[in-house]
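What follows is each chain in one-letter form.
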Amino acid sequence: MPPLTPPKSGDALFASVDRVNAELFTLTYGAIVRQLLTDLEEVEEVNKQLDQMGYNIGTRLVDEFLAKSNVSRCVDFKETADVIAKLGFKMFLGVTATVTNWDAEGTSCSFVLEDNPLVDFVELPDTCQGLQYCNVLSGVIRGALEMVSMKTEVTWVRDMLRGDDAYEMRVKLIKQVPEEYPYKDDD
C-alpha cells in the first residue's frame, strides 16, 4: 500500500488550481447577475436561480476538491466546516473563511469572509436591496455538502453590500444522509 499523502495547505491548493483573471471572473459573474435581473425581474427569483446555479457547481466542484486536496474523510460536521473554510475557499476563491458561532449540538455554524472576490466593483441599487448577490456561494456549499452525504440549509446573515462589517453565511446540518450502494451483495 502506498504511503498516505498528507493534505495540502490552502496556499498549495490555490497555487495548483488553474485560474482565470480575478477581474474577468468578477465582471463575468456580475454580468450573469445583471442578466438574471433583466430576465427574471423578481429579485427573489434571481436569488433562487443563483442558489440553484451554485448548487449545480458545488455538486461538481467537490470532485475536483477531493481529488486535488488529499483530504481524508472528515469525521464530523465540525471537521468538514474547517476543511471548507481553510482549504475549499482558499482553493477556489483565494480567500479563507473563519468558522464561528457553533450551536451546542455542533450542527450549525457560520462562515465569515472578510474578503469576497465576487463583489469587487459591485454596488447594489436601491431596487435590488433584497438581492442576495453572493447566493451562488451558498448554493455551492449546499451542493458540495450534499455530495458528501450532508443535507444542509445555507443562508446569508451579513453582507457588506448592505453595510455589514463582513460576509457571513449560516450553514445548518439538517441530516447526515446514509450512503446508498447501487446493488446488494448476495453471499
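For the structure, see preceding data.
None of the values given here were measured: they were computed from a predicted structure.

Cut-offs applied
Positions within a chain are numbered from 1, following the residues in the order the chain's sequence is written. Whole-chain, interface and lining totals are the exception, using all residues; otherwise, since this is a predicted model, local features are given only for residues with pLDDT of at least 70 and side-chain atom pairs are given and counted only at 80 or more. Note that water and hydrogens are dropped before the side-chain values are worked out from all heavy atoms of the structure. Every case where a carboxyl oxygen of Asp or Glu lies within 4 Å of a side-chain nitrogen of Lys or Arg is listed as a salt bridge. To qualify as a helix, a DSSP run of H or I must reach at least 4 residues; to qualify as a strand, a run of E must reach at least 2; elements of each kind are numbered from the N terminus. Only protein chains enter the accessibility calculation, which uses a 1.4 Å probe; a residue whose area is less than 20% of its type maximum is buried, one above 50% is exposed, and one in between is partly exposed. Strands qualify as paired when DSSP identifies two bridges or more between them. Interaxial angle, 0 to 180 degrees, is taken between N-to-C directions of lines fitted to C-alpha atoms, where a helix line uses only the stretch in contact. Contacts are assigned to residue pairs that have any heavy atoms within 4.5 Å of one another. What makes a patch is a set of residues exposed beyond 30% relative accessible area and free of salt bridges, joined within 9 Å when like-charged and within 5 Å when nonpolar (Val, Leu, Ile, Met, Phe, Trp, Tyr). Calculation of accessible area relied on Shrake-Rupley with a 1.4 Å probe; when residues are assessed, cover is drawn exclusively from the protein chains displayed. Residues scored as charged are limited to Lys and Arg (positive) and Asp and Glu (negative), so that His and the chain ends carry no count. Lysine's charge is taken at NZ, arginine's at CZ, aspartate's at CG and glutamate's at CD. One less than the number of residues in a helix, times 1.5 Å, gives the span that helix is expected to have.

Turning our attention to the pattern of salt bridges. The tally for this structure, following the rule as stated, stands at 8 salt bridges. Of the charged contacts in the structure, one is a salt bridge between lysine 48 and glutamate 45, with a shortest N-O distance of 3.6 Å. A residue pair is termed a helical-turn pair when its members lie 3 or 4 positions apart in one helix, as lysine 48 and glutamate 45 do in helix H3 (residues 43-69) at 3 residues. Taking the shortest distance from any N to any O, the salt bridge between glutamate 64 and lysine 68 comes out at 3.1 Å. Taken together, the residues glutamate 64 and lysine 68, both in helix H3 and 4 residues apart, mark about one turn of the helix. With relative accessibility at 28%, the residue lysine 68 sits in the partly exposed group. Each of Arg158, Asp165 and Glu168 takes part in salt bridges that share partners, so that together they form one network.

Looking now at the sheet that holds strand S3 (residues 150-158). Pairing is antiparallel in the open sheet, where 4 strands are placed in the order S1-S2-S4-S3. Each of the sheet's edge strands pairs with one partner strand only, and the pair in question is strand S1 (98-100) and S3. Between one strand and the next, the sheet's axes are offset by a mean angle of 30°, whatever the strand orientation. In the sheet, strand S2 (residues 108-113) pairs with strand S4 (residues 167-176) via 6 bridges, with the strands oriented antiparallel. What sits directly across from phenylalanine 111, in S4, is methionine 169. Along the sheet, helix H5 (residues 135-147) contacts S2, S3 and S4; its crossing angle with S3, the most-contacted strand, is approximately 160°.

The next subject is unusual backbone geometry. Its identity as a non-glycine residue notwithstanding, asparagine 101 has a phi of 55°, on the positive side. Mapped onto the elements, asparagine 101 comes out in the loop between S1 and S2. Positive phi, close to 70°, is recorded for serine 149, a residue that is not glycine. Its relative accessible area of 13% is what places serine 149 among the buried residues.

Here we come to a negative patch on the surface. A cluster of acidic residues, Glu23, Glu114, Asp115 and Asp120, forms a negative patch on the protein surface. Tracing the backbone shows glutamate 23 in helix H2 (residues 22-40).

Take H5 next. An ideal rise of 1.5 Å per residue puts 18 Å on 13 residues; H5 measures up with 19 Å between its terminal C-alpha atoms. Taken across its 13 residues, H5 has 11 buried, putting it largely inside the fold. Of the positions making up H5, those classed as buried are Asn135, Val136, Leu137, Ser138, Gly139, Val140, Ile141, Arg142, Gly143, Ala144 and Leu145. Directly after H5, the chain includes serine 149, whose backbone phi takes a positive value near 70°.

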